[in-house]
Amino acid sequence: MRSLILETPKDPSSLKLIKSDLPLPGKKQVRVKMTSMGLNRGDLLYCQGRYFFQSPEHSRVGFEGAGIIDALGGDVFQSGYKIGDRVGLLPMSFNISQQGCFSEYGLYEPKSLIPSPSNIPDDETGSFWMAFLTAWGGMVDCGGLSQGETVVITAASSSVGLAAIQIAKMLGAKVIATSSSDNKSKALIENGADKVIIFPSNLNHNELAAANDDYVANVREFTQGKGSDLVFDAVAGPASYGLVKASTLGGRIVIQGMLDRRPMNIHAGVLMKRRLTLRGYTLDETLEQEIKKQAAINAISKGVENKDLQPVIAQKYSLSSFNDAFKDLKLNQHIGKIMLIP
């Protein structure tokens, strides 16, 4: 089988496909023949040595994927899984360096598997659990989004952003999406956003101040002066000033990404005066709590079955074209999920 390996930590140029023998599952494992894998920004950060944990030498790569069970270990029959079952991988539930799923096959414990929805094709089943679980956990579990509220979703053309738009609309919320490119506005509206605000990236101090003012004016106009109830933010950085200023009294801001690594521009007095809640979120928070994890999986599965939630695919690459896929990811011009197909 072929697997993608990061030979040298912090060096994406050392990514290479290697061949190895087809592994046999241990007593508590199943073997999954991978059919599709989702490429996430976390994969790039992991290869760059900028993720929350570091890679060893000769590390496997890949946080998200899905496939078909083709072999069972001796002690997994009671799990309910059988050969031929279509399954996705539960993000963050397996050892990336040893079991990273950018491979033709992988060995996993049943606790790392989720049944794949029947109405999603094999070459797309590896595209949605990371995005939809992150969006559900950040907006619903952490942010408390409810029907009739207005949520701002930043960097909304990403797979997480698009999943967040769909979940918010499914719950009956109103959505303001932000994007750094006007070229993505039409796609965001088509995917459910009620309003799109263009907020260019990499602005200098004066440009940033004007962009923040424009953002605040747009949010207040859309909400008839009230402000946003929730912000689901993937950017952080100095643009956080506008997110705070445009929030309603008692509003919530959930930060789930750091696309802008510059310091945040937030005055404590504004948080106090507006009684705002500002906090960070990572998917681990939902996955570590069994009740919340299962509730999220059930809600997303039902949403996919009802066609309220659908993965948005930007581009599909063969596993052997992984370099092109990573280049596409770094350009940040795509809308939706970039896929690898074995």
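The following paragraphs examine the structure supplied in this document. Given the structure is predicted, the values throughout are model-derived calculations rather than measurements.

## What about the packing of helix α1 (residues 41-48) against helix α11 (residues 322-331)?
Two numbers describe how α1 lies on α11: the axes approach to 10 Å, and their chain directions differ by 105°. Comparing the axis directions of α1 and α11 gives the class roughly perpendicular. Judged by residue contacts, R41, D43, L44 and C47 of α1 engage F326, L329 and K330 from α11. Residues that form the contact of α1 with α11 fall into these classes: four nonpolar, no polar and three charged.

## Some thoughts on the packing of aromatic side chains
If you walk through the whole model with that rule in mind, you get 10 aromatic pairs. With a centroid separation of 5.8 Å and an interplanar angle of 90°, the aromatic rings of Y46 and F63 are classed as edge-to-face. Remark: F63 occurs in the loop between β4 (59-60) and β5 (64-72) and Y46 occurs in helix α1; sequence separation between them is 17 residues. Y46 sits in the buried class, given a relative accessible area of 1%. A relative accessible area of 2% means that F63 is categorised as buried. Note on F199 and Y215: the rings are 6.3 Å apart at their centroids and 70° apart in plane angle, and the pair reads as edge-to-face. Of this pair, F199 sits in the loop between β11 (195-198) and α6 (205-222) while Y215 is found in helix α6, placing the two residues 16 residues apart along the sequence.

## Regarding empty space enclosed by the protein
Here the structure, examined in full by the defined rule, presents one cavity of 30 Å³ or more. As a volume, the largest cavity reaches approximately 70 Å³. For the largest cavity, the lining is made up of 13 residues, of which A131, F132, S159, P311 and V312 are closest to its centre. Taken together, the elements giving at least two residues each to the lining of the largest cavity come down to α3 (129-142) and α4 (159-170). Looking at the lining of the largest cavity, its residues break down into seven nonpolar, five polar and one charged.

Parameters and conventions
Residues numbered from 1 in each chain as written. Predicted model: local features only at pLDDT ≥ 70, side-chain atom pairs only at ≥ 80, totals over all residues. Heavy atoms only, no water. Axes fitted to C-alpha atoms, helices over the stretch in contact; angles between N-to-C directions. Helix = DSSP H or I, 4+ residues; strand = E, 2+ residues; numbered from the N terminus. Parallel < 35°, antiparallel > 145°, perpendicular 65-115°, else oblique. Contact = heavy atoms within 4.5 Å. Nonpolar A, V, L, I, M, F, W, Y, C, P; charged D, E, K, R; others polar. Phe/Tyr/Trp six-rings, centres within 6.5 Å; stacked < 30°, edge-to-face > 60°. Buried < 20%, exposed > 50% of the residue type's maximum accessible area, 1.4 Å probe, protein only. 1 Å grid on protein atoms, 1.4 Å probe; cavity = no way out; pocket = protein on both sides within 12 Å on 5 of 7 lines; lining within 4 Å. Points joined across faces, edges and corners; volume = space filled by probe spheres on them.

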